[in-house]
Amino acid sequence: MQPILDFLAHNWWLVFPLSGVMGGWARSWQKSTERRHQRRVELYKLRNQSLQAEQVAEAEVASLMATHDAVNRRWLDYELDVGKLIDFPLMTDVREPLTVAFLRTKREADGLRPGSAKDLTAASRLEAYRAAVNGYDVAFSVAEREARRIRDTNFSGPERERLATARKLLRLAEDSAATPAERQAAYKRARRELDGLIVLPDATVAALEEKVAPMLDSGQTSDFTQH
């Protein structure tokens with residue numbers, strides 16, 4: 001240590017250039033530290049923004065899936081209720097463009113639906129699913145409004161009478177107060193009245209037979225004729 005002190009005592013003038021060099025090093029080190037800190041802050045912000053974007057996307061997917069489910073439930077209200085389909089036959093009439101449109105958009109939305117909100121991460125898939133769900137919602141609402149507007153006016157007078165008769169017979173077939181023989185006869189007659197007038201989806205027939213079959217003899221609950 002003493003030799004260093006002796007050297008500095010004899011070469012004191014070196015203090016000035018050395019202090020400049022040291023000062024430069026200190027400033028350089030400070031700037032480097034500030035840059036590292038700034039990079040860490042920016043990286044943190046980027047990661048946080050990415051996380052927020054991911055959370056927002058997942059929330060949107062969950063919202064779209066909820067809308068999808070809500071429209072499906074509205075359709076099931078018809079599909080599982082023969083009475084509603086008799087009252088609003090357009091909902092299953094594939095000759096009607098509005099019916100075809102909503103059934104097509106339903107298939108598209110169902111095909112693009114992810115297993116869970118977390119499964120849909122690609123922006124292109126999210127956009128496609130959003131468009132499909134919105135299209136399904138709109139197409140179903142339009143078809144439903146039209147079905148409720150026209151009801152059975154597309155049918156002739158005798159055909160409307162057959163639909164009304166079938167509606168009454170189905171109420172009797174589902175009436176637990178009626179005898180099994182009465183319910184069975186009403187069920188068969190209702191099938192005949194509806195034959196050729198409206199198309200009942202398989203799910204509709206299954207739901208109806210599930211209500212009626214327990215009170216009917218085994219083997220007497222064949223499907224409605226489909227057209």
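Here the structure is a predicted model, which is why all the values come from computation and not from measurement.

1. Focus: the overall build of the protein chain
Then comes step 1: From N to C terminus, the protein chain includes eight helices and zero strands.
Then comes step 2: Element order for the protein chain, N to C, with α for helix and β for strand: α-α-α-α-α-α-α-α.
Then comes step 3: Taken over 227 residues, the protein chain has a buried fraction of 31%.
Then comes step 4: For the protein chain, restricting intrachain contacts to residue pairs at least 6 apart in sequence, the fraction spanning at least 24 positions comes to 72%.
Then comes step 5: Put simply, the protein chain shows about 14300 Å² of open surface, and 56% of that area lies on carbon and sulfur atoms.

2. Description of the environment of Ala 203
Then comes step 1: Residue position: Ala 203 is located in helix 8 (residues 202–212).
Then comes step 2: Owing to a relative accessible area of 31%, Ala 203 belongs among the partly exposed residues under this scheme.
Then comes step 3: Once the C-alpha coordinates of Ala 203 and Leu 80 are considered, the two residues, 123 residues apart in sequence, prove to be 6.5 Å apart.
Then comes step 4: Discounting chain neighbours no more than four positions away, the residues touching Ala 203 are Glu 79 and Leu 80.

3. Observations regarding the pattern of salt bridges
Then comes step 1: Evaluation of the coordinates by the stated rule reveals 11 salt bridges.
Then comes step 2: One salt bridge connects Glu 127 with Arg 130, and the closest N-O pair in it is separated by 2.2 Å. Of this pair, Glu 127 and Arg 130 both sit in helix 5 (residues 123–150), three residues apart, which is roughly one turn of that helix.
Then comes step 3: The partly exposed category is assigned to Glu 127, whose relative accessible area is 46%.
Then comes step 4: With a closest N to O distance of 2.6 Å, Glu 146 and Arg 149 form a salt bridge. Pair noted here: Glu 146 and Arg 149 are both in helix 5, with a separation of three residues, about one helical turn.

4. Comments concerning the confidence of the model for the protein chain
Then comes step 1: Averaged over all residues, the pLDDT of the protein chain equals 81, while 70% of them reach at least 70.
Then comes step 2: Counted against residues more than four places away or in other chains, residues 218–227, with its pLDDT under 50, gives 27 contacts.

5. Points about helix 7 (residues 180–194)
Then comes step 1: With 15 residues, helix 7 extends 21 Å between its outermost C-alpha atoms, agreeing within 8% with the 21 Å of an ideal straight helix rising 1.5 Å per residue.
Then comes step 2: Those residues of helix 7 that fall on the buried side of the exposure criterion are Arg 183, Gln 184, Ala 186, Tyr 187, Ala 190, Arg 191, Glu 193 and Leu 194.
Then comes step 3: Contact partners of the buried residues in helix 7: helix 3 (82–87), helix 6 (157–173) and helix 8.
Then comes step 4: The first or second residue beyond helix 7 is Gly 196, which carries a positive phi of 85°.

6. Let's talk about helix 5
Then comes step 1: Taking 1.5 Å per residue, 28 residues should reach 40 Å; helix 5 reaches 41 Å between its end C-alpha atoms and fits that length.
Then comes step 2: Within the sequence span of helix 5, burial applies to Leu 126, Tyr 129, Ala 132, Val 133, Tyr 136, Ala 139, Phe 140, Ser 141, Ala 143, Glu 144, Ala 147 and Ile 150.
Then comes step 3: Positive phi shows up at Arg 151, right after helix 5, with a value of about 50°.

About the cut-offs
Residues numbered from 1 in each chain as written. Predicted model: local features only at pLDDT ≥ 70, side-chain atom pairs only at ≥ 80, totals over all residues. Heavy atoms only, no water. Helix = DSSP H or I, 4+ residues; strand = E, 2+ residues; numbered from the N terminus. Buried < 20%, exposed > 50% of the residue type's maximum accessible area, 1.4 Å probe, protein only. Contact = heavy atoms within 4.5 Å. Areas by Shrake-Rupley, 256 points an atom, 1.4 Å probe, with all protein chains shown as cover. Salt bridge = Lys/Arg side-chain N within 4 Å of Asp/Glu carboxyl O. pLDDT = per-residue confidence, 0-100. Expected span 1.5 Å × (residues − 1).

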